[in-house]
Structure formats: C-alpha cells, structure tokens
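# Observations on chain architecture
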Amino acid sequence: QVRLVESGGDLVQPGDSLRLSCAASGIMVGTSHMNWFRQAPGKEREFVARILNGGAGTDYADSVKGRFTVSRDYAKNTAYLQMNALKPEDTAIYYCNVVFRGHTYWGQGTQVTVSS
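Report follows, based on the coordinates. (Residues numbered from 1 in each chain as written. Predicted model: local features only at pLDDT ≥ 70, side-chain atom pairs only at ≥ 80, totals over all residues. Heavy atoms only, no water.)

## A look at the overall build of the protein
- In terms of helices and strands, the protein carries zero helices and eleven strands.
- Start at the N end of the protein and walk to the C end: the helices and strands fall as β-β-β-β-β-β-β-β-β-β-β.
- A compact globule built from 116 residues would reach a C-alpha radius of gyration of about 13 Å, and the protein, at 13 Å, matches this within 12%.
- In the protein, buried positions account for 43% of the 116 residues.
- Excluding contacts between residues fewer than 6 apart, the proportion of contacts in the protein whose partners are at least 24 apart in sequence is 52%.
- Of the roughly 6,200 Å² of accessible surface on the protein, 47% is carried by carbon and sulfur atoms.
- Once the 12 positive and 10 negative side-chain charges of the protein are each reduced to a mean point, those two points are 6 Å apart. (Helix = DSSP H or I, 4+ residues; strand = E, 2+ residues; numbered from the N terminus. Rg over C-alpha atoms; globule rule 2.2 N^0.38 Å. Buried < 20%, exposed > 50% of the residue type's maximum accessible area, 1.4 Å probe, protein only. Contact = heavy atoms within 4.5 Å. Areas by Shrake-Rupley, 256 points an atom, 1.4 Å probe, with all protein chains shown as cover. Lys, Arg positive; Asp, Glu negative; His and termini not counted. Charge placed at Lys NZ, Arg CZ, Asp CG, Glu CD.)

## Details of the nonpolar core
- Core analysis: the largest hydrophobic core is formed by 30 residues, its most contacted members being Met34, Trp36, Val48, Phe68, Leu81, Met83 and Tyr94.
- Those elements that provide at least two residues to this core are strand E3 (18-25), strand E4 (34-39), strand E5 (46-51), strand E7 (68-73), strand E8 (78-83), strand E9 (92-100) and strand E11 (110-114).
- For Tyr94, the contacting residues outside a window of four places in its chain are Glu6, Leu20, Phe37, Arg38, Val48, Phe68, Leu81, Met83, Gly109, Thr110 and Val112. (Core = buried A, V, L, I, M, F, W, Y, C linked by side-chain atoms within 4.5 Å.)

## Thoughts on the side chain of Thr91
- Turning to its location among the elements, Thr91 is positioned in the loop between E8 and E9.
- A distance of 2.9 Å separates the side chain of Thr91 from the backbone oxygen of Pro88, its partner in a polar contact.
- For Thr91, the side chain forms a polar contact with the main-chain nitrogen of Val114, separated by 2.9 Å.
- Sequence-distant contacts of Thr91, defined by excluding residues within four places in its chain, comprise Ala40, Pro41, Gln111, Val112, Thr113 and Val114. (Polar contact = N/O pair within 3.5 Å; in protein donor to acceptor, adjacent residues only side chain to side chain.)

Geometry only, nothing functional implied.
Written out as structure tokens, the structure reads:
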C-alpha cells in the first residue's frame, strides 16, 4: 500500500525559508518521479516541482524556479521541497504525489502560509 505523508508547513514571513518533507511507504522515492503540487484558496491545484527517478533531473514551475529546490533522501525514503525567499503568493496547501503502477497517490497536504 502506497502512503505519502507531508510535513513541515508553517506560518512564515515573506523572505523566509521552509523545508517540506514527503515520507513515502510502499514505493521507493529513488525509482519514482516524486512530484509536488499546491492549491491556494479558491484556485486549482497546480504543479510546483518534481524530481525524476534514477537521478534524471528536476523540473520546476516558472513561478518557483530559482527559489525552490526538490531533493530526496534514499535512506529515509523521503522527498523534500526546500522553499526559499517565500512570497505571500506561495501560500497554499502543498501536496506530494506519485504515480505508481498506473495509480496516482496523494498525501494529505501541509499548509504553508506566508504573511507579514
């Protein structure tokens, strides 16, 4: 059974940093594309970043490029989203996501609020 558990969300000020975690079970983060999405109030869920399997690279939405970094820890079987220079428009619930054997799995999400 695949399970994804996000953590690390918080209330921070503009310009601050946060690191989100996505602990996985039932899949190996090293052999899966691990994706991050977010959903702001009243908006559709949108792609943020992903790290491809087998060290094939990363991909970012234009809105976060240069500020966010996605990574993974093989030993902890966890994916991370390092978020720097946070802006109020980054406020959202952040979800990790994986597609495994034709099924799409989502975590429960973690709230990030950027406000002064």
